Amino acid sequence: MFWYDHQVSGWGWFTMSVGMILFWAVLIALGVLLFRALARSDDFPTSTGTPPRGPARSTAEQLLAERFARGEIDEDEYRHRLAVLHGTDDSGPRLSKS
C-alpha cells in the first residue's frame, strides 16, 4: 500500500504547492469579501433608524441659484423664476394641476 515510503516527490510536490496556493487564495478572498460586506454599512439604516446618507439632492432653488451664479440667467430672470417657485408670481393667478 505504501509504495513511495511516505515520501512525496515529483508530482506530489507540485500538487501540494498548487493546493496550498489555492487554499490561501480562497481564504484571503473570503476575508476581503467579508471585510467589504461589513464595511458597506452606508447601504443599511443605522441602529438609530436614520436613513443612510446618500448623495445630496439639489432642490429647485439651489439649482436656480447655481445657474444664476454661473451667469446662465440674469437677475431679473432669477427673481422671476424664484417667485414662480414660491408661488408669488405677480403676473396673475397660478394654475393648479389637478
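Parameters at a glance
Residues numbered from 1 in each chain as written. Predicted model: local features only at pLDDT ≥ 70, side-chain atom pairs only at ≥ 80, totals over all residues. Heavy atoms only, no water. Helix = DSSP H or I, 4+ residues; strand = E, 2+ residues; numbered from the N terminus. Areas by Shrake-Rupley, 256 points an atom, 1.4 Å probe, with all protein chains shown as cover. Phe/Tyr/Trp six-rings, centres within 6.5 Å; stacked < 30°, edge-to-face > 60°. Buried < 20%, exposed > 50% of the residue type's maximum accessible area, 1.4 Å probe, protein only.

Q: Help me out: how do you make sense of the overall build of the protein chain in this one?
A: Each helix and strand in the protein chain was counted, giving three helices and zero strands. The secondary structure elements of the protein chain, listed N-terminal to C-terminal, are α-α-α. Carbon and sulfur atoms make up 63% of the accessible area of the protein chain, which amounts to about 9,500 Å² in all.

Q: Can you help me understand the packing of aromatic side chains in this one?
A: Working definition: an aromatic ring pair is given by the centre-to-centre distance plus the angle between the planes. Summed over all chains, the structure comprises two aromatic pairs. Ring centres of Phe 23 and Trp 24 lie 5.3 Å apart, and the angle between their planes is 75°; on these two criteria the pair is classed as edge-to-face. Between Phe 68 and Tyr 78, the aromatic rings sit 4.8 Å apart at their centres with planes inclined by 20°, giving stacked as the arrangement. In this pair, Phe 68 is assigned in helix α2 (residues 60-70) and Tyr 78 in helix α3 (residues 75-86), connecting sequence segments 10 residues apart. Looking at Tyr 78, the relative accessible area reads 17%, which means it is buried.

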